[in-house]
Amino acid sequence: MSKVFCEKPFNHNYIHTNGKMRLCCTTIQDIPTDNNYNLFDASKHTIDEYWNSNRMKEIRRKMIAGEKIRDCERCYRQEEQGVESLRSTQGMKNYIMDTLPDGTHQKSADTMQIQLGNICNLKCKMCSQMYSHMHGLETLEIGRQDPDWLHWVKEHGANVNNWTNELGVKQEWYKNKETKLKIFEHISKNIKHLNVIGGEPTLIPEFYELFDYCDKQGTLGGKSVTLVTNLTNTNPRLTQWLPKLKDWTIWASVDGVGIRTEYIRYPSKWDKIQESLEFYRSILGDNGNITLSPAIQLLNIDQLDDIIKWWIQWCGGELNQKYGFTWLATVWYPLICNPNMAPREWRLQVAEKLSKYKFDENYENIIKQLRRDHHTPEKYRELQTAFIKYNDKQDQFRNVKKTWRQLLPDLEQSIIKEIK
Ligand code: SF4
């Protein structure tokens, strides 16, 4: 099986929170226009324009020839580490048959992920301005009190919070009437599998308008929709549309049990999360599913077995087609959020605890990764020092009920010992 081919450039449209078009949600490369200078942007270009652009054709030609693609580095890296990636070779033969020698793909994509901007009510620890305007506003506000800290965050962007220069800016490319209508038409006509993400989609009126549009066109019945939600909000209007879909899945972004998810997904409330889960369970019918999608990271890896046990119990004792679990939200960036940057002593302790529970192959791989060293001693010290500086400041600003030091005292001790 090909180690580089992926179905995404052949069957998938992706629009990022800022309207830029990419291959998928894993890559951080925007697709350049044919002048190789500007970038495809949903507020200026149509999906048809980017689909058979020079860069898209080049990517397909290279994949078919077995060459690696710069845009796909993250998937290759995850696979080298034995971790499931989003890359899929399903249907490869047919996709190649439908592609001309110059890379033109003769069919439209039938799957799509649309990120409706960055309006969000939370400021999750592993998040950034890119996905939450509230996160950006908070970083700015802390920076007003402590400009040195803000400069430091900017300098260490890739390590600490996936920095963008547009702190506090609301990405609302979809507000333009013409743009919105073109996207709705495209989705209604072509897309069979749609993932809707934000920001938080349930807070964005256009998310409901999209359902309404497809309903009026009579196309809901042919669609599978996945809604990625932080469960802080539900809307009864969804009960009008969800039953009409071919099928629908809630990807529940819950990162821990009780106070731990409240800390990571600040300022969410555990009671509300549980209430929302029950709301979706009450309308599951024959076509609904709920999948837990925790962002596995340093701040919850020690609870991974407990999260899975809680979830299986909530699902009634077993996972099945209606109740699932996905590893795809595992956090790789920013680097201070990745569990593999913790001191070896603590990683081994956690691996020992987790290994007493059995789940699946991905779970076993995560334990294996914890037992391996990933950085030089200097890099470990740099990341651990940054972890402390970033989280202490945020905790202090938020005046949290419990700080990371109180929630993870063993990790605190272990880091302090290591960076001494
Ligand atoms: S290999 Fe990964 S990064 Fe590349 S298109 Fe596929 S899913 Fe996206």
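Parameters and conventions
- Residues numbered from 1 in each chain as written.
- Predicted model: local features only at pLDDT ≥ 70, side-chain atom pairs only at ≥ 80, totals over all residues.
- Helix = DSSP H or I, 4+ residues; strand = E, 2+ residues; numbered from the N terminus.
- Rg over C-alpha atoms; globule rule 2.2 N^0.38 Å.
- Buried ≥ 20, exposed ≤ 12 C-beta atoms within 10 Å, placed from the backbone.
- Contact = placed C-beta atoms within 7 Å.
- Axes fitted to C-alpha atoms, helices over the stretch in contact; angles between N-to-C directions.
- Parallel < 35°, antiparallel > 145°, perpendicular 65-115°, else oblique.
- Left-handed = near helix turned anticlockwise from the far one by under 90°.
- Nonpolar A, V, L, I, M, F, W, Y, C, P; charged D, E, K, R; others polar.
- Near = placed C-beta within 6 Å.
- Pairing = 2+ DSSP bridges.
- Right-handed = clockwise from strand over helix to strand, strands pointing away.
- Core = buried A, V, L, I, M, F, W, Y, C linked by C-beta atoms within 7 Å.

1. Observations concerning the overall build of the chain
So, point 1. Looking only at helices and strands, the chain features 19 helices and eight strands.
So, point 2. Computed over C-alpha atoms, the radius of gyration of the chain comes to 22 Å, within 12% of the 22 Å expected from 2.2 N^0.38 for 420 residues, which places it in the range of a compact globule.
So, point 3. The C-alpha extent of the chain, read off along each of the three principal axes, is 60 × 45 × 45 Å.
So, point 4. Looking at the chain residue by residue over its 420 residues, the buried ones come to 40%.
So, point 5. Of the contacts formed within the chain by residues at least 6 apart in sequence, a portion of 70% connects residues at least 24 apart.

2. Examining the environment of E80
So, point 1. Along the chain, E80 turns up in helix α4 (residues 73–80).
So, point 2. Residue E80 is classed as exposed on the basis of its 10 C-beta neighbours within 10 Å.

3. Thoughts on the packing of helix α15 (residues 344–354) against helix α16 (residues 361–371)
So, point 1. Where α15 contacts α16, the two axes come as close as 8 Å, and the packing angle between them is 155°. On the basis of their axis angle, the class for α15 and α16 is roughly antiparallel. α15 and α16 meet at a crossing whose hand is left-handed. Of the residues in α16, those touching α15 at R347, L348, V350, A351 and L354 are I367, L370 and R371.
So, point 2. The residue makeup of the contact of α15 with α16, split by class, is six nonpolar, no polar and two charged.

4. Description of the site of the ligand
So, point 1. Taken together, the neighbourhood of the ligand is formed by 13 residues, with C6, C24, C72, C75 and R87 sitting nearest.
So, point 2. Considered class by class, the residues forming the shell around the ligand number six nonpolar, three polar and four charged.

5. Regarding the pairing of strand β5 (residues 224–229)
So, point 1. As defined by bridge partners, strand β4 (residues 193–197) adjoins β5 across four bridges and the pair is classed as parallel. Pairing of V196 across the sheet is with L227, part of β5.
So, point 2. Note that the unit made of β4, helix α10 (residues 205–217) and β5 has a crossover that is right-handed.

6. Here's the deal with the packing of helix α9 (residues 177–190) against α10
So, point 1. Axis separation between α9 and α10 bottoms out at 10 Å; the angle between their running directions is 50°. The orientation of α9 relative to α10 falls into the category oblique. Both α9 and α10 take part in a crossing whose hand is right-handed. On α10, the residues that touch K180, F184, I187 and S188 of α9 are E206, L210, Y213, C214 and Q217.
So, point 2. In terms of residue class, the contact of α9 with α10 is built from five nonpolar, two polar and two charged.

7. Quick word on the nonpolar core
So, point 1. By size, the foremost hydrophobic cluster in this structure holds 93 residues, and its most contacted members are M21, I187, V196, L227, A252, I336 and M341.
So, point 2. Excluding its chain neighbours within four sequence positions, the residues that come into contact with M341 are L298, L335, I336, H375, Y380, L383 and Q384.

8. Looking at the sheet that holds β5
So, point 1. Pairing is mixed in the open sheet, where eight strands are placed in the order β2-β1-β3-β4-β5-β6-β7-β8. At either end of the open sheet lies a strand with only one pairing partner, and these are β2 (21–22) and β8 (323–325).
So, point 2. In this structure, strand β6 (residues 247–252) lies alongside strand β7 (residues 288–292), joined through five bridges in parallel fashion. Looking at β7, one finds that W251 is bridged to T291.

9. Let's talk about the pairing of strand β1 (residues 12–15)
So, point 1. Going residue by residue along β1, you find H12 and Y14 tucked away on one face and N13 and I15 tucked away on the opposite face as well.
So, point 2. Where β1 meets strand β3 (residues 111–115), four bridges bridge the pair, whose relative direction is parallel. By the bridge assignment, H12 is partnered in β3 with T111.
So, point 3. Here β1 hands over to β2 after five residues, with G19 in that stretch at a positive phi of 90°.

10. Let's talk about unusual backbone geometry
So, point 1. In this chain, Y266 is followed by P267 through a cis amide linkage whose omega measures -5°.
So, point 2. The residue after Y333, namely P334, is reached through a cis peptide bond having omega -5°.
So, point 3. Take P334: it is sitting in the loop between β8 and α15.
So, point 4. Positive phi is not limited to glycine here, since N162 has a value of about 45°.
So, point 5. Secondary-structure assignment places N162 in the loop between α8 (157–160) and α9.

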